[in-house]
Amino acid sequence: MADTKQVDEAADAKRAAKDERTATRLAKRIGAFSQAHGGAESQIAYLGERGARIVLVGEDGGWGDLVAPSVAVAEEAVRKAGVTVHESFDGEFAAKVRTGPYEWTRMAGIQVGGPKNG
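What counts, and where the lines are drawn
Residues numbered from 1 in each chain as written. Predicted model: local features only at pLDDT ≥ 70, side-chain atom pairs only at ≥ 80, totals over all residues. Heavy atoms only, no water. Helix = DSSP H or I, 4+ residues; strand = E, 2+ residues; numbered from the N terminus. Buried < 20%, exposed > 50% of the residue type's maximum accessible area, 1.4 Å probe, protein only. Contact = heavy atoms within 4.5 Å. Areas by Shrake-Rupley, 256 points an atom, 1.4 Å probe, with all protein chains shown as cover. Pairing = 2+ DSSP bridges. Axes fitted to C-alpha atoms, helices over the stretch in contact; angles between N-to-C directions. pLDDT = per-residue confidence, 0-100. Core = buried A, V, L, I, M, F, W, Y, C linked by side-chain atoms within 4.5 Å.

### Details of the overall build of the protein
So, step 1. Secondary structure summary: the protein contains four helices and four strands in total.
So, step 2. When its helices and strands are written in sequence order, the protein yields α-β-β-β-α-β-α-α.
So, step 3. Burial status across the protein gives 31% buried among its 118 residues.
So, step 4. If you take every contact in the protein between residues at least 6 apart in sequence, the share linking residues at least 24 apart comes to 51%.
So, step 5. Total accessible area computed for the protein in this model is approximately 8000 Å², and 53% of it derives from carbon and sulfur atoms.

### Things to note about the sheet that holds strand 4 (residues 84-86)
Working definition: the strands of a sheet are paired by backbone hydrogen bonds and lie parallel or antiparallel to each other.
So, step 1. In space, the four strands of this open sheet follow the order 3-2-1-4, with mixed pairing throughout. Among the strands making up the open sheet, the edge pair consists of strand 3 (63-68) and strand 4. Here the average twist between neighbouring strands, direction ignored, is 30 degrees.

### What to know about the confidence of the model for the protein
So, step 1. Per-chain confidence: the protein averages 86 in pLDDT, with 83% of residues scoring 70 or above.
So, step 2. Here helix 4 (residues 101-106) stands out as the element of the protein with the lowest mean pLDDT, 73, in contrast to helix 2 (residues 71-81), whose mean of 97 is the highest.

### Notes on the nonpolar core
So, step 1. Within the largest apolar cluster, 16 residues are counted, with the highest numbers of intra-cluster contacts made by L26, I30 and I54.
So, step 2. When residues of this core are traced back to their parent elements, those giving at least two are helix 1 (2-36), strand 1 (40-46), strand 2 (52-58), strand 3 and helix 2.
So, step 3. Beyond its immediate chain neighbours, meaning those up to four positions away, L26 contacts I54, L66, V67, A68, V73 and A77.

Dropping the structure here:
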């Protein structure tokens with residue numbers, strides 16, 4: 001019994017260390033995004049087994065996203081980066097997003113009269 005417990009504790013410690021490194025790496029990327037866009041806010045969305053999506057919106061309307069292996073890692077990353085986290089992607093937060101021609105062509109531009117992909 002003791003051997004199994006030691007193996008489990010070692011595996012848990014290894015996983016915790018890996019999650020900490022991942023959160024730190026994501027926090028650096030979030031910080032760089034925030035600095036490049038005059039500040040940033042975020043929202044975390046659960047993706048199931050794939051992890052969690054961190055949506056970032058800069059003060060200038062620029063946006064991007066990152067994927068973390070879990071919601072806990074995503075939450076730790078945004079905490080380390082010091083950005084505001086919103087519960088949902090709506091209202092004033094969503095209204096900050098500015099899209100350009102690329103987004104219109106890639107998402108729904110053809111259906112709503114935007115430029116054609118070609």
